[in-house]
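Residues per chain are reported as follows:
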Amino acid sequence: MTSTVLFDLFGVIARHQSPEGKNRLARTAAVPAVAFWDAYWAQRPPYDRGEVTGSGYWHQVADSLGTHFDDDRIARLIEADIASWSAVDETMVALIEELAASGRRIALLSNIPEELATHYEEHHGWLKRFHLRAFSCRIGHAKPEPDAYRWCQNALRAAPDRILFVDDRQDNVRAAEAIGIRSHLFTTPARLRETLAQWDAAPSRS
């Protein structure tokens, strides 16, 4: 049995942004949607790594768009951004509860800014089930940077082949595998259960 299952959050346990949430963000910014999303993602890595605050991030987005967001608009953008990432997959939440109750060691590695991390901590008690919560904004590394996985490995005090990483993005999975961490490309809870069962049935690893 693997010593730890290391989960991604968004796209695995929590859902990606809904069309409604994305539309609300673009409307709040009051700029063309295509340009908005280019700027949103281009400026995101430092925000995810905790190098800038929410206000600083949105000022950077505005600068790259050649516009200005006042404090009121930034507050509304932060609120809309959090709301757009707030939906969870209840089937996966149930699986997390089940795994924790069975005694399996579980951990979390997520690219997430501080405001959103705080929101999840305040509204989702199941986060306490994780032995380790590695939020990019607090560890200073974001997937697929190798140091994000190494940070988790060191914190878990586990050999890489004693960790099973679960993520819905191929680039993140490949980056974990490149340093020896076993990985599962997430598609459905049922497929993940199959992988966990196969892992449990495999011969013990030294």
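Use the structure listed above.
Residues numbered from 1 in each chain as written. Predicted model: local features only at pLDDT ≥ 70, side-chain atom pairs only at ≥ 80, totals over all residues. Heavy atoms only, no water.

Caption draft 1: The arrangement of the packing of aromatic side chains in detail. With the rule as written, the count across this model stands at 16 aromatic pairs. Ring centres of Phe7 and Phe130 lie 6.3 Å apart, and the angle between their planes is 75°; on these two criteria the pair is classed as edge-to-face. You can see Phe7 sitting in strand β1 (residues 4-7) and its partner Phe130 sitting in the loop between α7 (114-123) and β3 (132-135), a full 123 residues away along the chain. Taking relative accessible area as the criterion, Phe7 reaches 0% and is therefore assigned buried. Ring centres of Trp126 and Phe130 lie 6.5 Å apart, and the angle between their planes is 65°; on these two criteria the pair is classed as edge-to-face. Given the relative accessible area of 4%, Phe130 is considered buried. Aromatic rings pair up to connect Phe10, Phe36, Trp37, Tyr40, Trp41, Tyr47, Tyr57, Trp58, Phe69, Trp85 and Tyr120 into one cluster. Above the ring of Trp37, the side-chain terminus of Lys22 is found at 5.2 Å from the ring centroid. (Phe/Tyr/Trp six-rings, centres within 6.5 Å; stacked < 30°, edge-to-face > 60°. Helix = DSSP H or I, 4+ residues; strand = E, 2+ residues; numbered from the N terminus. Buried < 20%, exposed > 50% of the residue type's maximum accessible area, 1.4 Å probe, protein only. Lys NZ or Arg CZ within 6 Å of the ring centre and 35° of its normal.)

Caption draft 2: Local environment of the environment of Gly50. Inspection of the secondary structure puts Gly50 in the loop between α3 (44-48) and α4 (54-65). For the pair Gly50 and Ala33, spaced 17 residues apart in sequence, the C-alpha separation works out to 25 Å.

Caption draft 3: Quick look at the sheet that holds strand β4 (residues 163-167). The 5 strands lie next to each other as β3-β2-β1-β4-β5, forming an open sheet whose pairing is parallel. The outermost strands of the open sheet, each flanked by one partner alone, are β3 and β5 (182-185). Averaged over all adjacent pairs, the angle separating strand axes in this sheet is 20°, with direction ignored. Note: β4 against β5, 4 bridges, orientation parallel. Among the inter-strand pairings, Val166 is bridged to a residue of β5, identified as His184. (Pairing = 2+ DSSP bridges. Axes fitted to C-alpha atoms, helices over the stretch in contact; angles between N-to-C directions.)

Caption draft 4: Structural view of the packing of helix α6 (residues 90-101) against helix α11 (residues 189-201). Interaxial distance between α6 and α11 falls to 10 Å at its minimum, and their mutual angle equals 25°. Regarding the angle of α6 to α11, the classification is roughly parallel. Contact residues: Thr91, Met92, Leu95, Glu98 and Leu99 in α6; Pro189, Leu192, Arg193 and Leu196 in α11. For the contact of α6 with α11, the per-class residue count stands at 6 nonpolar, 1 polar and 2 charged. (Parallel < 35°, antiparallel > 145°, perpendicular 65-115°, else oblique. Contact = heavy atoms within 4.5 Å. Nonpolar A, V, L, I, M, F, W, Y, C, P; charged D, E, K, R; others polar.)

Caption draft 5: A look at the layout of surface pockets. Volume-wise, the largest pocket comes out at about 500 Å³. What lines the largest pocket is a set of 23 residues, and nearest its centre among them are Trp41, Asp48, Asn111, Lys143 and Arg169. Elements with a minimum of two residues in the lining of the largest pocket: α3 and α10 (170-178). Examining the composition of the lining of the largest pocket, we find that 3 residues originate from one element, α3, more than from any other. Split into classes, the residues belonging to the lining of the largest pocket amount to 9 nonpolar, 4 polar and 10 charged. (1 Å grid on protein atoms, 1.4 Å probe; cavity = no way out; pocket = protein on both sides within 12 Å on 5 of 7 lines; lining within 4 Å. Points joined across faces, edges and corners; volume = space filled by probe spheres on them.)

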